[in-house]
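# Notes for the structure review
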Amino acid sequence: MKKIAVALIAATLLAGPAFAQGTTEPPPPKGKKLSELIAKVETRDKFLYISQIDWSASGYYDVIYYTSDKAKVELHLDAMTGEAQ
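The present account deals with the structure reproduced in this document. (Residues numbered from 1 in each chain as written. Predicted model: local features only at pLDDT ≥ 70, side-chain atom pairs only at ≥ 80, totals over all residues. Heavy atoms only, no water.)

## A look at the pairing of strand E1 (residues 47-56)
- Strand direction decides the pairing type here: E1 and strand E2 (residues 60-67), joined by eight bridges, are antiparallel. For Ile-50, the partnering residue across the bridge sits in E2 and is Tyr-65.
- Hairpin connection from E1 to E2: three residues lie between these consecutive antiparallel strands, with Gly-59 at a positive phi of about 105°. (Pairing = 2+ DSSP bridges. Helix = DSSP H or I, 4+ residues; strand = E, 2+ residues; numbered from the N terminus.)

Here you go:
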């Protein structure tokens, strides 16, 4: 069990940040909180885990997640409304 925990910590540290790659412009201050958007994604049918989240200066979050049946799902979530585009 200890080896698994060490491996997970190492993988997390090596993965680096999965947010805000390639842009320095922040999300809109009056937009939805990222934590709210993640919580909404986690309620989707067969949700298993989120593998990546990127911010686009165009005003949306790119979210990639996987389902329990191993399907890869890519979403573009509007930062102001939280709706998928």
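## Quick word on empty space enclosed by the protein
- This model, assessed by the stated rule, comprises one cavity of 30 Å³ or more.
- Empty space within the largest cavity amounts to approximately 30 Å³.
- Considering the residues around the largest cavity, the lining is formed by Leu-34, Leu-37, Ile-38, Val-41, Ile-50, Ile-53, Tyr-61, Val-63 and Leu-77.
- For the lining of the largest cavity, the secondary-structure elements that each account for two or more residues are helix H2 (34-42), E1 and E2.
- Considered class by class, the residues forming the lining of the largest cavity number nine nonpolar, no polar and no charged. (1 Å grid on protein atoms, 1.4 Å probe; cavity = no way out; pocket = protein on both sides within 12 Å on 5 of 7 lines; lining within 4 Å. Points joined across faces, edges and corners; volume = space filled by probe spheres on them. Nonpolar A, V, L, I, M, F, W, Y, C, P; charged D, E, K, R; others polar.)

## Observations regarding the pattern of salt bridges
- In this structure the tally under the stated criterion is three salt bridges.
- For Glu-83, the salt bridge is made with Lys-40, and the minimal N-O distance between the two is 3.2 Å. With a gap of 43 residues between them, Glu-83 in the segment after strand E3 (72-78) and Lys-40 in helix H2 connect regions that are remote in the sequence.
- Under the relative-accessibility criterion, Glu-83 is labelled partly exposed at 45%.
- For Lys-40, a relative accessible area of 44% corresponds to the partly exposed category.
- Notably, a salt bridge pairs Lys-72 with Glu-74, separated by 3.8 Å at the nearest N-O pair.
- On the basis of relative accessible area, Lys-72 is assigned to the partly exposed category, the value being 47%.
- Residue class for Glu-74 comes out exposed when judged on its relative accessible area of 55%. (Salt bridge = Lys/Arg side-chain N within 4 Å of Asp/Glu carboxyl O. Buried < 20%, exposed > 50% of the residue type's maximum accessible area, 1.4 Å probe, protein only.)

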